[in-house]
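# Structural overview
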Amino acid sequence: MKLVKIEKAASRLGLSCGQVIELLTKNIITDGEIIDQEIYIPNSSIEYLSHHRDLLFNLRELFGTEAASIALNMSLCSVFNWIRLKKLVPDRIYQGKPFFYRDTLLNLRKSMQDEPGGRLRSRRNKSCVEGNEYYASYLHPGSPNRDSVDAQLRLFGETGDRREDPALISLILAECALQLLNQRLGIWMCSGTEILRSCLLNRIDLLTLAPLVEPLIMNRQAALETVNSLPRLFSVGYYYEKNEDLLGCLYLSLSSMSARRAGGVYYTPRRVVSRLTETLGDGDMLGDGISYYDPCCGTGNFLISLPGIVSWDHLSGSDIDRLAVILCRINLFLRDPETPPRELQRRFTVADYLADARSGIGFSLIHPGEPLCVIGNPPWGIRMTPAEKLALNRIFRCAIQNNCESFALFLEKSIRNARTGDFISFVLPESLLNVAAHLEIRKIIAATCSIHSCVRLGNQFDGVSCPSIILTLRREEDAGSRDPKILRCRGALIHIPGVPPREFVIDSDRIFQGELDLLLDNQEYALLRRIMSCPDTVSLKDAADWALGIVTGDNKGKLKPERTRKTEEPVLRGLNIDRYRINMKNVSYIEFRREELQQAAKEEYYRADEKLLYRFINRDLIFAWDSRRMLPLNSANVVIPRIPGMSVRYVLMLLNSRVARFVFQKKFASAKVLRSHLEAIPLIKAPPELMGEIEDMASQLLDRKISSREEDEIRNSADRKLAAIYGLSEDETALLFRELD
């Protein structure tokens with residue numbers, strides 16, 4: 001029996017895939033098969049239906065779990081949990097796979113959005129947070145435009161449904177642009193506001209600026225009607241400030257927050273833009289003999305921050321957002337009014353950098369013999385459809401089906417198109433340096449580039465917890481004989497904020513083992529290498545049982561502040577986990593019914609005679625020993641070590657030691673303690689007598705009667721003994737104590 005994929009079957013029948021699925025679930029098509037998660041249709045069924053079109057009337061579309069995940073803005077895992085808990089009931093089942101009608105998903109989404117404080121409006125689901133937000137940090141700290149934008153947002157909020165009207169937003173931006181151009185040039189000798197209305201009434205002529213401003217106006221008659229019906233929106237005054245992206249601030253503040261986040265669009269605060277410009281200056285990459293290209297230029301805030309010595313004919317940019325590109329051209333004209341407007345149209349284009357087979361406008365406008373510097377803040381976390389992922393997978397090494405991260409694709413394409421000696425300086429998530437999901441782009445970097453500099457920024461984006469960096473690379477010659485285990489970073493300048501901030505130069509190339517170990521100074525790197533290469537160590541990999549904490553699915557309904565029934569028992573949060581011991585402060589109570597919980601591990605792991613609990617959301621390792629068979633919530637996970645010759649208490653001391661904490665903080669620098677992190681930490685074996693001493697210290701630390709001073713003394717003594725077992729010198733041990741205190 002010949003089978004064809006559902007996509008081809010749908011095309012031949014003139015139906016959607018969802019309608020073909022309904023034919024399957026109604027048994028109008030029989031003998032369909034699911035092979036490797038793909039649905040196949042018998043060719044004989046397609047031929048039969050082609051001659052019996054009456055069976056194809058009034059078909060509804062069915063959607064699978066991946067479509068449900070996108071529609072409801074939740075992970076696939078959450079979709080399956082909701083199905084299990086009957087919060088999401090499939091309309092049809094085919095060969096064990098659930099399917100849903102469009103109305104089912106849309107109605108559930110609407111009810112979740114309408115629910116006060118509901119799931120889709122919560123902080124956990126940022127992609128569905130709606131409304132407008134004022135981005136004050138996009139402007140100069142003392143900018144008079146802060147009050148202007150604030151006033152405009154208040155007036156804009158009173159327009160009701162028109163807040164989603166792109167034409168209205170475009171006209172507000174046109175008024176702002178005209179005021180800035182008037183102040184910068186004095187071309188119309190106008191004062192005050194409502195310049196747009198004068199323009200629409202033909203009282204002033206845009207002259208050579210028409211190519212810049214007319215695209216914001218589009219239909220003049222409709223624009224005049226809007227201006228006359230909403231005059232207050234066009235009476236706000238704005239002020240020209242050198243190198244300030246007021247247009248970008250206003251555009252972002254007026255735009256829908258949910259649309260920006262779904263597209264991975266987060267504004268870049270002025271302080272980050274300034275820091276990138278400083279980084280270019282520190283690396284001798286600022287001057288008129290270098291071209292600059294931003295492939296995700298937005299409204300041009302990176303480009304207008306470059307010093308005046310960089311002339312307009314050395315700048316270019318592209319973006320998929322048409323309105324942002326229009327504003328970028330205006331910003332660049334405000335930066336240098338000598339720029340021909342037609343040249344701005346040529347140099348700043350609307351283009352999809354990833355999908356476009358060409359290299360990008362900036363690579364085609366390079367001055368002969370001059371290096372190019374690709375700069376910007378590529379989008380992070382764009383939500384892509386399976387078809388988009390598949391298309392990108394054919395082009396990019398980093399476009400792995402289950403992990404198609406947009407910033408990595410921008411970086412890969414920029415590296416691919418750059419010539420030897422070109423630079424790339426991007427704002428990127430710090431997770432690029434070591435998270436397993438970004439291994440492929442790190443391999444590309446190690447094989448093709450040298451590290452020029454790395455600046456740690458920390459959390460810089462309002463409302464988003466995602467530490468970031470500025471990574472600057474230099475494209476090197478491709479060479480098949482190059483050692484793939486070497487990361488070329490000799491001479492790289494590293495800046496780490498703090499009090500005081502730290503700045504150092506890496507003195508030699510480093511071993512590349514999958515991570516980019518750039519945020520460690522030379523001493524720290526040497527110590528980490530020493531610990532990681534220590535002989536006679538084992539790990540928790542394949543030598544432990546692991547369990548995630550409980551996800552109730554309804555904390556408000558299932559967790560009680562006090563015990564009200566005998567069947568209820570304490571349940572621990574991450575904050576109840578102290579180093580070595582459990583504290584019972586503000587503990588909640590739960591009636592453990594595993595089948596009613598959204599997520600729960602096997603009960604035998606929670607009820608083990610001995611287990612270790614650790615804080616999951618934390619930048620440090622904090623492990624507690626439990627022999628009371630207590631339950632944890634998902635902010636406290638479980639590990640039960642099963643390493644031959646090592647007691648659970650000895651492993652407790654190792655994981656809480658400064659050695660393990662140093663490895664975790666320096667190698668992973670993560671806000672979450674992942675199983676993969678813990679499995680990578682080398683655990684040193686010890687002679688029986690020394691292990692016995694460490695276990696005795698563990699028993700003392702588990703005694704709640706000791707004072708904090710006694711606890712510190714025991715802990716410090718244990719850490720020194722363990723450092724000696726690892727073979728560390730006195731100087732290395734002293735470095736451990738300095739770093740971890």
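About the thresholds
- Residues numbered from 1 in each chain as written.
- Predicted model: local features only at pLDDT ≥ 70, side-chain atom pairs only at ≥ 80, totals over all residues.
- Heavy atoms only, no water.
- Helix = DSSP H or I, 4+ residues; strand = E, 2+ residues; numbered from the N terminus.
- Rg over C-alpha atoms; globule rule 2.2 N^0.38 Å.
- Buried < 20%, exposed > 50% of the residue type's maximum accessible area, 1.4 Å probe, protein only.
- Pairing = 2+ DSSP bridges.
- Salt bridge = Lys/Arg side-chain N within 4 Å of Asp/Glu carboxyl O.
- 1 Å grid on protein atoms, 1.4 Å probe; cavity = no way out; pocket = protein on both sides within 12 Å on 5 of 7 lines; lining within 4 Å.
- Points joined across faces, edges and corners; volume = space filled by probe spheres on them.
- Core = buried A, V, L, I, M, F, W, Y, C linked by side-chain atoms within 4.5 Å.
- Contact = heavy atoms within 4.5 Å.
- Lys, Arg positive; Asp, Glu negative; His and termini not counted.
- Polar contact = N/O pair within 3.5 Å; in protein donor to acceptor, adjacent residues only side chain to side chain.

### Focus on the overall build of the chain
A count of helical and extended segments in the chain gives 30 helices and 26 strands. What you see for the chain is a C-alpha radius of gyration of 30 Å, in line with the 27 Å of a compact globule of 741 residues. With respect to the three principal axes, the spread of C-alpha positions in the chain is 95 × 75 × 60 Å. A total of 741 residues make up the chain; the buried ones form 53% of that total.

### Considerations on the sheet that holds strand β21 (residues 588-590)
Within the open sheet, the three strands sit side by side as β21-β20-β24. Their pairing is mixed. Across the chains shown, the open sheet's two edge strands, defined by having one partner strand only, are β21 and β24 (631-632). Pairing between strand β20 (residues 569-572) and β21: three bridges, direction antiparallel. The residue of β21 that forms the bridge with Val-571 is Ser-588.

### A look at the pattern of salt bridges
This model, assessed by the stated rule, comprises 38 salt bridges. Across the salt bridge formed by Glu-158 and Arg-232, the nearest N and O atoms sit 3.4 Å from each other. One end of the pair, Glu-158, is in the loop between α7 (145-157) and α8 (166-185); the other, Arg-232, is in the loop between α11 (220-229) and α12 (246-254), and 74 residues separate them in sequence. For Glu-158, a relative accessible area of 56% puts it in the exposed group. Across the pair Lys-611 and Asp-626 runs a salt bridge whose closest N-O atoms are separated by 2.4 Å. A residue pair is termed long-range when its members are at least 10 positions apart, and Lys-611 in strand β22 (residues 611-615) and Asp-626 in strand β23 (residues 623-626) qualify at 15 residues.

### Thoughts on the pairing of β22
Of all five residues making up β22, five are buried, and the element is well covered by its neighbours. Neither face of β22 is left uncovered, since the one carrying Lys-611, Leu-613 and Arg-615 and the one carrying Leu-612 and Tyr-614 both have all their residues buried. Pairing analysis gives four bridges linking β22 to β23, with the strands arranged antiparallel. Paired with Tyr-614 across the two strands is Phe-623, which belongs to β23.

### Details of empty space enclosed by the protein
Going through the model one piece at a time under the given rule, you end up with five cavities of 30 Å³ or more. Here the largest cavity is characterised by a volume of approximately 90 Å³. Lining the largest cavity are Leu-180, Tyr-239, Tyr-240, Glu-241, Asn-243, Glu-244, Leu-246, Ile-304, Asn-331, Leu-334 and Arg-335. When residues of the lining of the largest cavity are assigned to their parent elements, the largest contribution, three residues, is made by helix α16 (residues 322-335).

### Observations concerning unusual backbone geometry
For Asn-586, which is not glycine, the phi dihedral falls at a positive 50 degrees. Here Asn-586 is to be found in the loop between β20 and β21. A relative accessible area of 73% places Asn-586 in the exposed class. Residue Ala-669 is not a glycine yet carries a positive backbone phi of 45 degrees. With respect to the helices and strands, Ala-669 occurs in the loop between α26 (658-668) and α27 (675-680).

### Digging into the nonpolar core
Of all hydrophobic cores here, the largest spans 128 residues; its most connected members are Leu-411, Ile-445, Leu-471 and Leu-518. With eleven residues, α8 is the largest single contributor of residues to this core. Sequence-distant contacts of Leu-411, that is, excluding residues within four places in its chain, are made with Ile-424, Phe-426, Leu-428, Leu-432, Ile-441, Ile-445 and Leu-473. Leu-612, Ile-643, Leu-736 and Leu-740 belong to the second largest nonpolar core, which has 55 residues in total.

### Considering the side chain of Asp-319
Examined against the element boundaries, Asp-319 turns out to sit in strand β8 (residues 315-319). It turns out Asp-319 is buried and unbridged, and the closest side chain with the opposite charge, Arg-329, is 11 Å from it. Only 2.8 Å separates the side chain of Asp-319 from the backbone nitrogen of Gly-298, close enough to count as a polar contact. Those residues in contact with Asp-319, other than ones at most four positions away along the chain, are Pro-295, Cys-296, Cys-297, Gly-298, Val-325, Thr-349, Val-350 and Ala-351.

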